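Descriptive analysis of the structure
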Amino acid sequence: MHNGVKVLESYLNEPIQYEFGPITVPENKYFFLGDNRNESSDSHLWANPFVHKEKLIGKVVLKISTHLIDKRDLR
């Protein structure tokens, strides 16, 4: 769910094998999920699952606006 709307995650290789959420991510914080959800050590397993934006280190080298991609091209 994202903002009350179910998100179709057709890119997942297998169904998620755990229960988590729903959660509300606080302002200026991030919640991370790996692309291999059943094997990823990501935010859903952390004692404090939110990372403040000031703690993020990195540089954007490529930004893809996925909402502009025609999902039919991914099949």
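The structure under discussion appears in the preceding block.
It should be emphasised that the depicted structure is a prediction, and the values quoted were computed from it without experimental measurement. (Residues numbered from 1 in each chain as written. Predicted model: local features only at pLDDT ≥ 70, side-chain atom pairs only at ≥ 80, totals over all residues. Heavy atoms only, no water.)

**A few points about the overall build of the protein**
- In terms of helices and strands, the protein carries 0 helices and 2 strands.
- When burial is assessed residue by residue, the protein has 12% of its 75 residues classed as buried.
- Taking as baseline every contact in the protein between residues at least 6 positions apart, the subset at least 24 positions apart corresponds to 29%.
- In the structure as shown, the protein presents an accessible area of about 7,300 Å², 53% of it carried by carbon and sulfur atoms. (Helix = DSSP H or I, 4+ residues; strand = E, 2+ residues; numbered from the N terminus. Buried < 20%, exposed > 50% of the residue type's maximum accessible area, 1.4 Å probe, protein only. Contact = heavy atoms within 4.5 Å. Areas by Shrake-Rupley, 256 points an atom, 1.4 Å probe, with all protein chains shown as cover.)

**Notes on the layout of surface pockets**
- In this structure, the largest pocket occupies an estimated 1,100 Å³ of space.
- Considering the residues around the largest pocket, the lining is formed by 25 residues, among which M1, H2, E9, L33 and R37 are closest to the centre.
- Class assignment of the residues belonging to the lining of the largest pocket gives a composition of 16 nonpolar, 5 polar and 4 charged. (1 Å grid on protein atoms, 1.4 Å probe; cavity = no way out; pocket = protein on both sides within 12 Å on 5 of 7 lines; lining within 4 Å. Points joined across faces, edges and corners; volume = space filled by probe spheres on them. Nonpolar A, V, L, I, M, F, W, Y, C, P; charged D, E, K, R; others polar.)

**Some thoughts on the packing of aromatic side chains**
- On inspection of all chains with the given rule, the structure shows 3 aromatic pairs.
- Where Y30 meets F32, the ring centres are 6.5 Å apart and the plane angle is 25°; that geometry is what we call stacked.
- With centroids separated by 6.1 Å and ring planes inclined at 50°, the aromatic side chains of F31 and F50 adopt a geometry described as tilted. Here the residue F31 occupies a position in the loop between β1 (29-30) and β2 (51-52), and F50 occupies one in the loop between β1 and β2, the gap between them amounting to 19 residues.
- Residue classification places F31 among the partly exposed residues on the basis of a relative accessible area of 21%.
- Through successive ring pairs, a cluster of aromatic residues spans Y30, F32 and W46. (Phe/Tyr/Trp six-rings, centres within 6.5 Å; stacked < 30°, edge-to-face > 60°.)

**So, a nonpolar patch on the surface**
- A contiguous nonpolar surface patch, about 460 Å² in accessible area, is contributed by Y30, F32, L45, W46 and L56.
- With respect to the element layout, L45 can be found in the loop between β1 and β2. (Patch = residues over 30% accessible without salt bridge, like charges linked within 9 Å, V, L, I, M, F, W, Y side chains within 5 Å. Salt bridge = Lys/Arg side-chain N within 4 Å of Asp/Glu carboxyl O.)

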